[in-house]
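Each chain, letter by letter, is given below.
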Amino acid sequence: MNSAREIVVGETAPDFSLPDITGTSHRLSDLVKDSMCVVLFYRGHW
Amino acid sequence: MADYAQCYKDFRAAGAEVIAISVDPPERSAGLRRDLRLPFELLSDRTRATIIEWNVLNSKEKGGIAIPATFLIDRERTVRFAKVEDMMMRVEPRELLEFIRAMKDGDAQAPRARGVNPASMFLRAIANGFRYGVNVKR
């Protein structure tokens, strides 16, 4: 079902652009221009 | 994520931003961010496209939600740390912070996920149930 490959150390992270709570988009490739980025995934409450 | 909130200033000082992604709609994330007083952005992946591309989709629950996971991405957009969590393992923010600091010295050792005390996890689940309501599986 899920054909995506595991993300491993050393590879380039897939880019994303996702909205925050105000609707403003944040793109990973822009975020890392300023600093490293800790990307957390969480279950959420649906 | 509350523990990342506590360490947020330290992550910023160490040269790292923090963001968190879930399938929640922005209005739901807004409530969580307010309740837990999270200082970092919560991003909404409604289509699950990013969650699928990062291979952290739990397709068995509620039409698909994110598996808890921690990644560190450097300024070249290279993955420097990756840990997809299972039920009883999680990455301590303090350990990731030490990793980031040590990276600059060039002798970083990746933090190991630690076992979580099942009792404390159970208590936290109950507390969250009171706070956010329990989702009954369809």
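Reference entry: report on the structure contained in this document.

What counts and what doesn't
Residues numbered from 1 in each chain as written. Chains lettered and ligands numbered in written order. Predicted model: local features only at pLDDT ≥ 70, side-chain atom pairs only at ≥ 80, totals over all residues. Helix = DSSP H or I, 4+ residues; strand = E, 2+ residues; numbered from the N terminus. Buried ≥ 20, exposed ≤ 12 C-beta atoms within 10 Å, placed from the backbone. Contact = placed C-beta atoms within 7 Å. Expected span 1.5 Å × (residues − 1). Core = buried A, V, L, I, M, F, W, Y, C linked by C-beta atoms within 7 Å.

Within chain A, the regular secondary structure consists of one helix and three strands. Seen in sequence order, chain A has helices and strands lined up from the N terminus as β-β-α-β. Looking at chain A residue by residue over its 46 residues, the buried ones come to 35%.

Counting residues at the interface gives 54 residues for chain B, matched by 36 residues for chain A. Residue contributions to the side of chain B that touches chain A peak at seven residues, all from strand β1 (residues 16–22) of chain B.

A few words now on helix α4 (residues 93–105) of chain B. Side chains of residues three or four places apart in an α-helix project in the same direction, reflecting 3.6 residues per turn. An ideal rise of 1.5 Å per residue puts 18 Å on 13 residues; α4 of chain B measures up with 19 Å between its terminal C-alpha atoms. Each element contacted by the buried residues of α4 of chain B is listed here: β3 (36–41) of chain A together with α1 (2–13), β1, β5 (69–73) and β6 (79–84) of chain B.

If you look at the biggest cluster of nonpolar residues, it comprises 40 residues, and the most contacted ones within it are C37, V38 and L40 of chain A together with A66, F71 and I73 of chain B. Per-element accounting of this core gives the leading share, six residues, to β3 of chain A. Those residues in contact with V38 of chain A that lie beyond four places of it in its chain are F11, A16, V18, L72 and L96 of chain B.

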